[in-house]
Amino acid sequence: MQISFRMSFQNNSQPDPAKDIDKLKKELSRLNLLFQKGRIEKNYYDSEYNKLSDKIKGIYINLDTRKICSFNFLY
């Protein structure tokens, strides 16, 4: 006896994660440049760096997650 099943996933029409990651990395580069030139304080730099890094990590974590809409057995 062979049991088959079909799964369908919810399609979230979200922006391309690669573009979001690229934008956040560019923002990190700008932040680094401002810090290197002495235009921002270390506390501000650390705070913003952590925020941007957390956003990037969050995108990577959620990159492969999808919600299952339905699960049906096919007999």
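Reference entry: report on the structure contained in this document. (Residues numbered from 1 in each chain as written. Predicted model: local features only at pLDDT ≥ 70, side-chain atom pairs only at ≥ 80, totals over all residues. Heavy atoms only, no water.)

This next bit is on the nonpolar core. Core analysis: the biggest nonpolar cluster contains nine residues, these being Ile21, Leu24, Leu28, Leu31, Ile40, Tyr45, Leu52, Ile56 and Ile59. For this core, the secondary-structure elements that each account for two or more residues are helix H1 (17-36) and helix H2 (42-62). Other than its neighbours up to four places away in sequence, Ile40 contacts Leu31, Leu34, Phe35 and Tyr45. (Core = buried A, V, L, I, M, F, W, Y, C linked by side-chain atoms within 4.5 Å. Buried < 20%, exposed > 50% of the residue type's maximum accessible area, 1.4 Å probe, protein only. Helix = DSSP H or I, 4+ residues; strand = E, 2+ residues; numbered from the N terminus. Contact = heavy atoms within 4.5 Å.)

On to the packing of aromatic side chains, then. Under the defined criterion, the tally for this structure stands at two aromatic pairs. When the centroid spacing of 4.4 Å and the interplanar angle of 20° are considered together, the rings of Phe35 and Tyr45 count as stacked. Placement of Phe35 in helix H1 and of Tyr45 in helix H2 is noted, with a sequence separation of 10 residues between them. Three or more aromatic residues joined by ring pairs form one cluster here, namely Phe35, Tyr45 and Tyr49. (Phe/Tyr/Trp six-rings, centres within 6.5 Å; stacked < 30°, edge-to-face > 60°.)

This brings us to the pattern of salt bridges. In this structure the tally under the stated criterion is four salt bridges. For Asp22, the salt bridge goes to Lys26, with nearest N and O atoms at 3.5 Å. With a gap of four residues between them, Asp22 and Lys26 both fall in helix H1, about one helical turn apart. Using a relative accessible area of 46% as the deciding quantity, one classes Lys26 as partly exposed. Residue Lys42 pairs with Asp46 through a salt bridge whose shortest N-O separation is 3.0 Å. With a gap of four residues between them, Lys42 and Asp46 both fall in helix H2, about one helical turn apart. (Salt bridge = Lys/Arg side-chain N within 4 Å of Asp/Glu carboxyl O.)

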